[in-house]
Amino acid sequence: MKRITLFASGSGSNAENIIRYFRNSNELEFPFVISNRSDAFVHERAKQLNIPSHTFKKSDFENGEVLNFLKDNNIDFIVLAGFLLKIPGNLLEAYPDRIVNIHPALLPKFGGKGMYGSHVHEAVVASGEKESGITIHYVNENYDEGQVIFQAKCAVLAGDSADDVAAKVHDLEYEHFPRVIGEIVSRI
Ligand code: GRF
């Protein structure tokens with residue numbers, strides 16, 4: 001069994017989708033969810049799924065407290081699903097090529113600091129893009145710059161609002177992210 005943890009700062013709909021997808025898996029298990037916000041809705045979802053969730057402060061990610069917790073719990077792999085803090089060096093060194101993120105656009109476009117959540121979809125619509133999509137990538141020391149693993153596209157139609165694009169992108173996330181995680185983890 002590979003032990004995976006999810007990091008989420010917000011709603012956690014991807015985290016929930018991933019946990020449900022692997023519920024009966026003999027290869028991957030998700031012993032808990034980690035957040036940097038005690039008020040994030042992901043805690044509610046974890047509770048409904050009977051999975052513990054833990055909140056750590058930003059400084060705990062940076063000072064090694066989170067790393068110790070992951071090591072104590074034999075975590076093999078980290079999935080960022082709507083996690084907004086930068087991943088510090090101690091975690092990157094301990095988990096080389098073992099941290100992945102999903103970004104709700106076609107990187108390298110619409111990535112970097114401040115490009116998260118609705119900001120991304122608003123920028124896509126404002127720039128008149130004809131398509132958007134998802135990017136699953138390894139995490140490195142810069143926001144949204146790690147090696148791309150997988151992309152999928154959706155059309156952005158004339159008249160689409162940022163919310164319309166967000167809905168299409170979320171559908172792609174739910175469809176592809178669990179499967180791609182399964183493929184990557186099967187190789188570690
Ligand atoms: C997703 O769109 C993901 O791509 C981005 O943050 C959003 C998280 O949504 N990184 P949710 O919390 O999983 O609903």
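Everything that follows concerns the structure shown earlier in this document.
The structure contained in this document is the topic of the report that follows. From a predicted model like this one, the values you see are computed outputs, not experimental measurements.

### Description of the site of the ligand
Next up, step 1: In the vicinity of the ligand, the residues found are Ser11, Gly12, Ser13, Asn14, Gly82, Ile102, His103, Pro104, His170 and Glu173.
Next up, step 2: One of the backbone nitrogen or oxygen atoms of isoleucine 102 is found 3.0 Å away from a nitrogen atom of the ligand.
Next up, step 3: At 3.4 Å, a side-chain N or O of histidine 170 approaches an oxygen atom of the ligand.
Next up, step 4: In isolation the ligand has 360 Å² of accessible area, and contact with the protein removes 85% of it.
Next up, step 5: Going through the elements one at a time, α1 (13-21), β6 (99-103) and α7 (162-186) are the ones with two or more residues in the shell around the ligand.
Next up, step 6: In terms of residue class, the shell around the ligand is built from two nonpolar, seven polar and one charged.

### Notes on the packing of α1 against α7
Axes are the key here: two packed helices are described by the angle between their axes and the distance separating the axes.
Next up, step 1: Following both chains from N to C, one finds α1 and α7 inclined at 45 degrees, their axes separated by 9 Å at the closest point. By the angle class used here, α1 and α7 are oblique. Of the two elements, α1 crosses α7, and the hand of that crossing is right-handed. Where α1 abuts α7, its residues Ser13, Asn14, Asn17, Ile18 and Tyr21 lie against His170, Glu173, Tyr174, Phe177, Pro178, Arg179 and Ile181.
Next up, step 2: When the residues that make up the contact of α1 with α7 are grouped by side-chain class, the tally is six nonpolar, four polar and two charged.

### Section: unusual backbone geometry
Next up, step 1: With an omega dihedral of 10 degrees, the bond running from leucine 107 to proline 108 counts as a cis peptide bond.
Next up, step 2: Mapped onto the secondary structure, proline 108 falls in the loop between β6 and α6 (118-126).
Next up, step 3: One non-glycine residue, phenylalanine 110, lies in the positive phi region at around 60 degrees.

### Some remarks on the nonpolar core
Next up, step 1: Membership of the largest hydrophobic core comes to 39 residues, with the highest contact counts inside it found for Leu6, Ile18, Phe30, Val79, Phe177 and Ile181.
Next up, step 2: At eight residues, the largest contribution of residues to this core is made by α7.
Next up, step 3: For leucine 6, the residues in contact, after removing those within four places along its chain, are Ala15, Ile18, Ile19, Phe30, Phe32, Val33, Ile34, Val79 and Ala81.
Next up, step 4: Grouped together as the second largest cluster of nonpolar side chains are 19 residues, Phe7, Phe56, Leu67 and Tyr95 included.

### So, the packing of aromatic side chains
Between two aromatic rings, the relevant description is the distance of the centres plus the angle of the planes.
Next up, step 1: A full pass over the atoms with the stated rule returns eight aromatic pairs.
Next up, step 2: Through pairs of rings, three or more aromatic residues link up here, namely Phe7, Phe32, Phe56, Phe61, Phe69 and Phe83.
Next up, step 3: Across the ring face of tyrosine 95, the terminal group of lysine 71 is positioned such that the distance to the ring centre comes to 4.7 Å.
Next up, step 4: It is arginine 179 that lies over the ring of phenylalanine 150; its NZ or CZ is 5.3 Å from the centre.

Cut-offs applied
Residues numbered from 1 in each chain as written. Predicted model: local features only at pLDDT ≥ 70, side-chain atom pairs only at ≥ 80, totals over all residues. Heavy atoms only, no water. Near = heavy atom within 4 Å. Polar contact = N/O pair within 3.5 Å; in protein donor to acceptor, adjacent residues only side chain to side chain. Areas by Shrake-Rupley, 256 points an atom, 1.4 Å probe, with all protein chains shown as cover. Helix = DSSP H or I, 4+ residues; strand = E, 2+ residues; numbered from the N terminus. Nonpolar A, V, L, I, M, F, W, Y, C, P; charged D, E, K, R; others polar. Axes fitted to C-alpha atoms, helices over the stretch in contact; angles between N-to-C directions. Parallel < 35°, antiparallel > 145°, perpendicular 65-115°, else oblique. Left-handed = near helix turned anticlockwise from the far one by under 90°. Contact = heavy atoms within 4.5 Å. Core = buried A, V, L, I, M, F, W, Y, C linked by side-chain atoms within 4.5 Å. Buried < 20%, exposed > 50% of the residue type's maximum accessible area, 1.4 Å probe, protein only. Phe/Tyr/Trp six-rings, centres within 6.5 Å; stacked < 30°, edge-to-face > 60°. Lys NZ or Arg CZ within 6 Å of the ring centre and 35° of its normal.

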